[in-house]
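Okay, here's what each chain looks like letter by letter:
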Amino acid sequence: MDGPREASVLDSLRTDPREARSNVAILYGKGRYPGFRVVLLFAPDYVPVCAPALVEAGLRSPDNLPRFALIHDDTLSEVGWTAWLHKAGLDAQLARRGRHFSNAALALAATLDGQGVVLAPRPLVEERIRAGHLVIPFDLGLPSPSAYYLVMHERVARRPAPEAFERWLLQEAAQ
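Right, let's walk through the structure included here.

1. Thoughts on the overall build of the protein chain
Part 1: Along the backbone of the protein chain there are 6 helices and 8 strands.
Part 2: Along the protein chain, helices (α) and strands (β) appear in the sequence α-β-β-β-α-β-α-β-α-β-α-β-β-α when read from the amino end.
Part 3: In the protein chain, buried positions account for 40% of the 175 residues.
Part 4: Within the protein chain, counting contacts between residues at least 6 apart in sequence, those at least 24 apart form 77% of the total.
Part 5: Put simply, the protein chain shows about 9600 Å² of open surface, and 52% of that area lies on carbon and sulfur atoms.

2. Re the nonpolar core
Part 1: Residues Leu 54, Leu 59, Leu 65, Trp 81, Trp 84, Leu 85 and Val 117 are the most contacted members of the largest nonpolar core, which totals 19 residues.
Part 2: At the level of secondary structure, the elements contributing two or more residues to this core comprise helix H3 (81-88) and strand S6 (117-121).
Part 3: A total of 3 residues in this core trace back to one element, the largest contributor, which is H3.
Part 4: Discounting residues that sit within four places of it in the chain, Trp 81 has contacts with Pro 48, Leu 65, Leu 70, Ile 71, His 72, Ala 95, Val 117, Val 118 and Leu 119.

3. As for the environment of Gly 114
Part 1: Structurally, Gly 114 is set in the loop between helix H4 (104-112) and S6.
Part 2: Residue classification places Gly 114 among the partly exposed positions, given a relative accessible area of 31%.
Part 3: Sequence separation of Gly 114 and Leu 134 is 20 residues, and the distance between their C-alpha atoms is 9.3 Å.
Part 4: Contact partners of Gly 114, with chain neighbours within four places excluded, come to Ala 51 and Leu 54.

4. Details of the packing of aromatic side chains
Part 1: This structure, assessed with the given rule, holds 5 aromatic pairs.
Part 2: With a centroid separation of 5.8 Å and 35° between ring planes, the pair formed by Trp 84 and Phe 138 is classed as tilted. Residue Trp 84 is found in helix H3, and its partner Phe 138 is found in the loop between helix H5 (122-130) and strand S7 (142-143); the two are separated by 54 residues along the sequence.
Part 3: Chaining the aromatic ring pairs together yields one cluster made of Tyr 28, Phe 42 and Tyr 148.

5. Considering H3
Part 1: Buried within H3 are the following residues: Trp 81, Trp 84 and Leu 85. Buried residues of H3 fall within an arc of 100° about the axis and therefore sit on the same side.

6. Comments concerning the environment of Ile 136
Part 1: Tracing the sequence through the fold places Ile 136 in the loop between H5 and S7.
Part 2: Spatially, the C-alpha atoms of Ile 136 and Val 117 are 9.4 Å apart, while their sequence positions differ by 19 residues.
Part 3: In this view, Ile 136 contacts Val 47, Pro 48, Val 49, Arg 122 and Ile 129; residues no more than four positions away in its chain are not counted.

7. Quick look at the sheet that holds strand S1 (residues 24-29)
Part 1: The strand order across the open sheet built from 3 strands is S1-S8-S2, with neighbouring strands paired in antiparallel fashion. Each edge of the open sheet carries a strand with a single partner, namely S1 and strand S2 (36-42). Here the strands of the sheet are splayed against their neighbours by 30° on average, with no regard to which way each runs.
Part 2: Each of S1, S2 and strand S8 (147-153) is contacted by helix H6 (residues 160-174), which is oriented at about 20° to S2, the strand it contacts most.

8. A closer look at the sheet that holds S6
Part 1: Taken together, the 5 strands give an open sheet; going across it, the order is S5-S4-S6-S3-S7, and neighbouring strands pair in mixed fashion. In the strand order of this sheet, the two ends are held by strand S5 (99-101) and S7, each with one partner.
Part 2: The pairing of strand S3 (residues 45-49) with S6 spans 4 bridges and is classified as antiparallel. Note on S6: the bridge partner recorded for Pro 48 is Leu 119.

The rules behind the values
Residues numbered from 1 in each chain as written. Predicted model: local features only at pLDDT ≥ 70, side-chain atom pairs only at ≥ 80, totals over all residues. Heavy atoms only, no water. Helix = DSSP H or I, 4+ residues; strand = E, 2+ residues; numbered from the N terminus. Buried < 20%, exposed > 50% of the residue type's maximum accessible area, 1.4 Å probe, protein only. Contact = heavy atoms within 4.5 Å. Areas by Shrake-Rupley, 256 points an atom, 1.4 Å probe, with all protein chains shown as cover. Core = buried A, V, L, I, M, F, W, Y, C linked by side-chain atoms within 4.5 Å. Phe/Tyr/Trp six-rings, centres within 6.5 Å; stacked < 30°, edge-to-face > 60°. Arc of directions from axis to C-beta. Pairing = 2+ DSSP bridges. Axes fitted to C-alpha atoms, helices over the stretch in contact; angles between N-to-C directions.

As structure tokens, this is what we get:
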């Protein structure tokens, strides 16, 4: 298990098989949940995103990044600027600078306001990119070491409602 919160959610899934309800959960983690049916939905990649004005101001390649503020979402524990900069072949020391925010919503609000560039999970920002509020200045993603999983007790997984929900959710995740 990946943490105490997940343990609590998993406890709620330990349903008496004679009960009519079928508890399921969507968890973000490593997918190791013994005794449960675990179905991979998707693993997001993290991409740099910014307001279109920053691209107009010259942010067109990773080499231009030192001229712009980095925005840090301090809730990201597994993925961050240090790893992304390393993958891009840039000095990881650049990750020490920039603005820090205590949650993803605040970091994204600052990004939308044109204050800098943030690493964000692609699914979280796709709608804003389609709307033209954000852009990916250079499409160099960093895969997440964790993923989203549908989790349910093995006995519950054979019920018609959870089976139908799983089929629907997999179709949605594929899109």
